[in-house]
Amino acid sequence: MTSFLGFFTALVNPDFPFLRNALFAGLLSSVLFGALGAIVTVKRIAGLAGAISHAVLGGIGIALYLSVTGKVPGLQPLVGAIIFAVLAAGIIGFVSLKAKQREDTVINAIWAIGMSIGVLFMAKTPGYTDPSSYLFGNILLISKQNLVMLAILDCIVVFLSWRFYPQIEASSFDEEFAQVRGIPTQTVFLLILSITAIAVVLLQTFVGIVMVIAMLTLPAGTAGYSARNLSGMMILGTLYAMLFSVGGLATAWALDVPVGAMVVVFAGAIFLGVAIGKFLVQRRKKS
């Protein structure tokens, strides 16, 4: 208990600005985890999002290599990650729409090739580059610039979700019916993938590439047990993501363990608890 009180004391301590940045990052990220996570979960494209999240390591590795070797001075890893993410989203989206029978093969290929390219370029980058820092992230190192970018992306996602909610809901639950109503479902699908790709790049700073997919599904999955529609799932998912983020951050501080991993473990524990509770309630009703 003392350790947890120490976390809240540290939040107001001017000597720990990184902790406040981490808290703000968790809250801002929760909006993306809740809104995009609900769509990803309902459309059952978590595998696609996972492939994109891992493929960005290739862009990070290339950007680091070009920057450190002086071929493209000042090139930020974030730029390479965004380029690779959007490229991966475009390829996966095209294959998903045009060649369903090849979808799994392409997704797995992009997943593996992107990560492998990243590792190879990092290995050839002068000096020591640790892939695990990008794979698992460190929210305690997040900058104010990252917070601004997260806030901007939050505003974009919230606005698009509000403005095109009927189209998103229709194409998420019944794509064929949405097409009959004249909704450009393919365009909606590609737009969702593109925004998810960019969000993945920013969110990997929070929990890392490997764990982004977990936080895109666990809050929304937990919300799905009580939400009655997509909008409810988005709102509840955001609230759950905030709970997981703050709870995981506080627990990690108290136990002195990596924050990203603790956030996901915290989220997974609550998700399993809710799932088991729901199962027991349904079983009791049947008996």
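Nothing here was measured: the structure is a model prediction, and the numbers come from that model.

So, on to the packing of helix H2 (residues 17-42) against helix H7 (residues 144-163). Their axes nearest at 9 Å, the elements H2 and H7 cross at an angle of 25 degrees. Overall, the two elements H2 and H7 adopt an arrangement that is roughly parallel. Helix-helix and strand crossings are classified by hand; for H2 and H7 the assignment is left-handed. Facing Asn 21, Phe 24, Ala 25, Leu 28, Ser 29, Val 31, Leu 32, Ala 35 and Leu 36 of H2, the residues of H7 in contact are Lys 144, Leu 147, Leu 150, Ala 151, Leu 153, Asp 154, Val 157, Val 158 and Ser 161. Classifying every residue of the contact of H2 with H7 by side-chain character gives 13 nonpolar, three polar and two charged.

The residue Asp 256 is not glycine, and still its phi comes out positive at about 60 degrees. When you line up the elements, Asp 256 lands in the loop between helix H12 (230-255) and helix H13 (259-286). Residue classification places Asp 256 among the exposed positions, given a relative accessible area of 71%.

Moving on, we come to helix H3 (residues 46-68). With 23 residues, H3 should reach 33 Å at 1.5 Å per residue; the first-to-last C-alpha distance of 34 Å fits that figure. Of the residues flanking the end of H3, it is Gly 70, one or two places downstream, whose phi is positive at about 85 degrees.

What follows deals with the nonpolar core. Ile 52 and Leu 249 are the most contacted members of the largest nonpolar core, which totals 80 residues. With 12 residues, the top contributor of residues to this core is H2. Non-local contacts of Leu 249, meaning those with residues more than four positions away in its chain, are made with Phe 7, Leu 19, Ala 22, Leu 23, Ile 139, Leu 140, Val 259 and Val 263.

Moving on, we get to the packing of aromatic side chains. Inspection of the entire model under this criterion finds six aromatic pairs. Residues Phe 16 and Trp 253 carry aromatic rings whose centres are separated by 5.8 Å and whose planes lie at 85 degrees to one another, so their mutual orientation is edge-to-face. On the criterion of sequence distance, the pair formed by Phe 16 in the loop between helix H1 (2-11) and H2 and Trp 253 in helix H12 is long-range, its members being 237 residues apart. Put simply, the rings of Phe 16, Phe 18 and Trp 253 touch in pairs and so form one group of aromatic residues. One Lys or Arg, Arg 163, reaches over the ring of Phe 164 and ends 5.0 Å from the middle of that ring.

Glancing now at H13. An ideal rise of 1.5 Å per residue puts 40 Å on 28 residues; H13 measures up with 41 Å between its terminal C-alpha atoms. Looking at H13, one finds that the buried residues are Val 259, Gly 260, Met 262, Val 263, Val 264, Ala 267, Gly 268 and Ala 275.

A surface patch of nonpolar side chains, amounting to about 410 Å² of accessible area, comprises Leu 272, Ile 276, Phe 279 and Leu 280. Within the element layout of this structure, Phe 279 appears in helix H13.

Turning next to the confidence of the model for the protein. Of all residues in the protein, 92% attain a pLDDT of 70 or more, and the chain-wide mean is 84. Mean pLDDT values over the elements of the protein span from 69, in helix H6 (residues 132-136), up to 92, in H12.

Turning our eyes to something else, we now look at the environment of Phe 244. Tracing the backbone through its elements, the reader meets Phe 244 in helix H12. A C-alpha to C-alpha distance of 6.0 Å links Phe 244 and Val 263, two positions 19 residues apart in sequence. Setting aside anything within four residues of it in sequence, one finds Phe 244 in contact with Met 215, Leu 218, Pro 219, Thr 222, Val 263, Phe 266, Ala 267 and Ile 270.

The rules behind each value
- Residues numbered from 1 in each chain as written.
- Predicted model: local features only at pLDDT ≥ 70, side-chain atom pairs only at ≥ 80, totals over all residues.
- Heavy atoms only, no water.
- Axes fitted to C-alpha atoms, helices over the stretch in contact; angles between N-to-C directions.
- Helix = DSSP H or I, 4+ residues; strand = E, 2+ residues; numbered from the N terminus.
- Parallel < 35°, antiparallel > 145°, perpendicular 65-115°, else oblique.
- Left-handed = near helix turned anticlockwise from the far one by under 90°.
- Contact = heavy atoms within 4.5 Å.
- Nonpolar A, V, L, I, M, F, W, Y, C, P; charged D, E, K, R; others polar.
- Buried < 20%, exposed > 50% of the residue type's maximum accessible area, 1.4 Å probe, protein only.
- Expected span 1.5 Å × (residues − 1).
- Core = buried A, V, L, I, M, F, W, Y, C linked by side-chain atoms within 4.5 Å.
- Phe/Tyr/Trp six-rings, centres within 6.5 Å; stacked < 30°, edge-to-face > 60°.
- Lys NZ or Arg CZ within 6 Å of the ring centre and 35° of its normal.
- Patch = residues over 30% accessible without salt bridge, like charges linked within 9 Å, V, L, I, M, F, W, Y side chains within 5 Å.
- Areas by Shrake-Rupley, 256 points an atom, 1.4 Å probe, with all protein chains shown as cover.
- Salt bridge = Lys/Arg side-chain N within 4 Å of Asp/Glu carboxyl O.
- pLDDT = per-residue confidence, 0-100.

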